[in-house]
Amino acid sequence: MEGLSVAMRAACERGVFQRLQISNGGPIISHLLYADDALFLGEWSEHNIKNLARVLHCFHVSAGLRVNFNKSRVFGVGVSMQEVTRYARPLGCEPAKLPFNYLGVPIGANMKHIKNWKPVIERFQNKLSKWKSKTLSFGGRLTLVQSILGNIPTYFLSLFVAPQGVIDKLEGIRKKFLWGSSEGTRKIHWASWDMITTSKEAGRIGIGTIKSLNVSLIVKWWSRLRVGPSTTWAAAITSLHDLNSNLEGYYANNTLPGVRKNIAGVRKELLEKEIAIERIMKKQPCGSGNSWTCSLTSDGSFIVKALRNVWESCPTIPIGRFEWTTDIPIKVVCFAWRERMGKIPTALALSKRGVNLENTFCSLCGDIQECADHALVRCQYARTVWEWTFKWCGIPTSTLLSVCDVLEYATKWFDCPLRRKLLLGICYGTLWNTWIARNNRVF
Ligand SMILES: [Zn+2]
């Protein structure tokens, strides 16, 4: 493709191809290449299109690489479709119009309309289907709900500000999948969506919201604009919106046209979260000019995750910080978290949420209503399991009344962080297996 760039440069220098000049003295662009895709931009004239076809033909003869005109499209901006058809047909190209998809992203579509987000919503629905929800544990579903943000909508969310309706729809799909609900059947949502999405440091799960991802990805462009104002895209945007004299006020400017107006709007949304965009990227004197550093990271570079963490930060929950560990299966740690938050489906918890049960007493001893602390610690069966577990770990047995007691008691025994972590993992595993044994008994 380097050869194609050389050919295009030579054609432009000799005046054979008239490139596109961005307004307000911006960069002059003739072509953009990505992998094996090529996009040519030039003045709209039959002469220019024919010359471009000639350049591509010469390139074919000299380099042996042929552009497939049957697969190519001609777009005219601000000209009639008849004219586009008249110019495109003789070359063997298809005439086309905006909007169109380029690298999976809609170009020229109004992304304020929910209908233009349909591909993202459909792919979300397919990935988070009901059958997958049934075959996975809570931990597995949680992993999928988190990881889906990493691939499917990132392209869209990094370029466009999603309308609230789209965010609600996507979050709704995630919620339903996590708790196993489907059309017509609503399962109990044991924890609020805030508890699932907000900060892990504050005791929640911290998978993050789609809104925080969207805003952070958009702000990344803003940081790139500051750090590298001479790059082609930055120069094009700056000139297009005539920002040369007012880059500082870029995000404060709500009068920008088109998609940039939405992007400028994220400043307001950040302010609602008490995050001032001006404080995220700070200007510092560097040599003869200035450099920009991000105040959220130690090395000064902007990282999407750092801004998301600030966005998702919240007060710590009353029971304190939950210790997450990656050394044991996620389903086991998630179960321990749910237990600590009082969010597991014991008979008592189900009956409190309106589920009609014949009997809410412990399935083993039958003496007392089944709460989490009874089923997992106080019941005779569970107590024996904990006695044996502590004995096996070389810790004296003690009278413990709740899961909280067990975890606090167990983790205070060792000074060595590794041994503490190991013991914590054993405790989480014991909780999980005691619960599995309870389920096997009940169902
Ligand atoms: Zn019992």
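This is a predicted model, so every value here is computed, not measured.

1. What to know about the domain arrangement of the protein
Bring the parts together and some accessible area is lost; that lost area is often taken as the interface size. Each assigned domain of the protein is listed here: domain 1 (2-97), domain 2 (212-312) and domain 3 (330-442). Every contact between the two is made by 6 residues of domain 1 and, on the other side, 6 residues of domain 2. Here the residues of the side of domain 1 that touches domain 2 sort into 2 nonpolar, 4 polar and no charged.

2. Focus on the environment of Ser23
Tracing the chain through its elements places Ser23 in the loop between strand E1 (20-21) and strand E2 (28-29). With 217 residues separating them along the chain, Ser23 and Leu240 place their C-alpha atoms 5.8 Å apart. The contact partners of Ser23, leaving out residues within four places of it in the chain, are Ser239 and Leu240.

3. Re the pairing of strand E4 (residues 37-40)
Relative to E4, strand E3 (residues 31-34) is paired through 4 bridges, and the arrangement is antiparallel. Counterpart to His31 in the pairing with E4 is Phe40. Hairpin geometry of E3 and E4 is characterised by an intervening segment of 2 residues between the two adjacent antiparallel strands and by a positive phi of about 50° at Ala35.

4. Thoughts on the nonpolar core
Nonpolar side chains in soluble globular proteins tend to end up buried together. If you look at the biggest cluster of nonpolar residues, it comprises 61 residues, and the most contacted ones within it are Leu376, Val406, Cys427, Tyr428 and Leu431. Looking at which element gives the most residues to this core, the answer is helix H20 (residues 417-442), with 7 residues. The contacts of Cys427, once residues within four sequence positions are left out, are Val406, Leu407 and Ala410.

5. A few points about helix H2 (residues 46-63)
Over its 18 residues, H2 runs 26 Å from end to end, which matches the ideal 26 Å to within 8%, given 1.5 Å per residue. Turning to H2, its buried residues are Ile49, Leu52, Val55 and Leu56. Seen from one end, H2 has its buried residues packed into an arc of 115°, which puts them on one side. Turned more than 90 degrees off the buried face of H2, the exposed positions are Glu46, His47, Val61 and Ser62. Buried-residue contacts for H2 involve helix H1 (2-13), E4, strand E5 (73-75) and helix H3 (81-88). At the C-terminal side of H2, Gly64 shows a positive phi close to 80°.

6. Considering helix H10 (residues 210-227)
If you check H10, its first and last C-alpha atoms are 26 Å apart, about what 18 residues at 1.5 Å a residue would give, namely 26 Å. The buried fraction of H10 amounts to 13 of the 18 residues, a majority that puts the element mostly inside the structure.

7. Observations regarding unusual backbone geometry
Geometrically, the link from Leu98 to Pro99 is a cis peptide bond, its omega value of -5° lying close to zero. By the element assignment, Pro99 lies in the loop between strand E6 (94-96) and strand E7 (100-102). Phi angles above zero are rare outside glycine, and Asn24 is one such case at about 60°. Mapping Asn24 onto the fold places it in the loop between E1 and E2. One non-glycine residue, Glu274, adopts positive backbone phi at about 60°. Its location among the elements puts Glu274 in the loop between helix H12 (259-272) and helix H13 (277-280).

Rules used in this analysis
Residues numbered from 1 in each chain as written. Predicted model: local features only at pLDDT ≥ 70, side-chain atom pairs only at ≥ 80, totals over all residues. Domains from an automatic or database assignment. Contact = placed C-beta atoms within 7 Å. Nonpolar A, V, L, I, M, F, W, Y, C, P; charged D, E, K, R; others polar. Helix = DSSP H or I, 4+ residues; strand = E, 2+ residues; numbered from the N terminus. Pairing = 2+ DSSP bridges. Core = buried A, V, L, I, M, F, W, Y, C linked by C-beta atoms within 7 Å. Buried ≥ 20, exposed ≤ 12 C-beta atoms within 10 Å, placed from the backbone. Expected span 1.5 Å × (residues − 1). Arc of directions from axis to C-beta.

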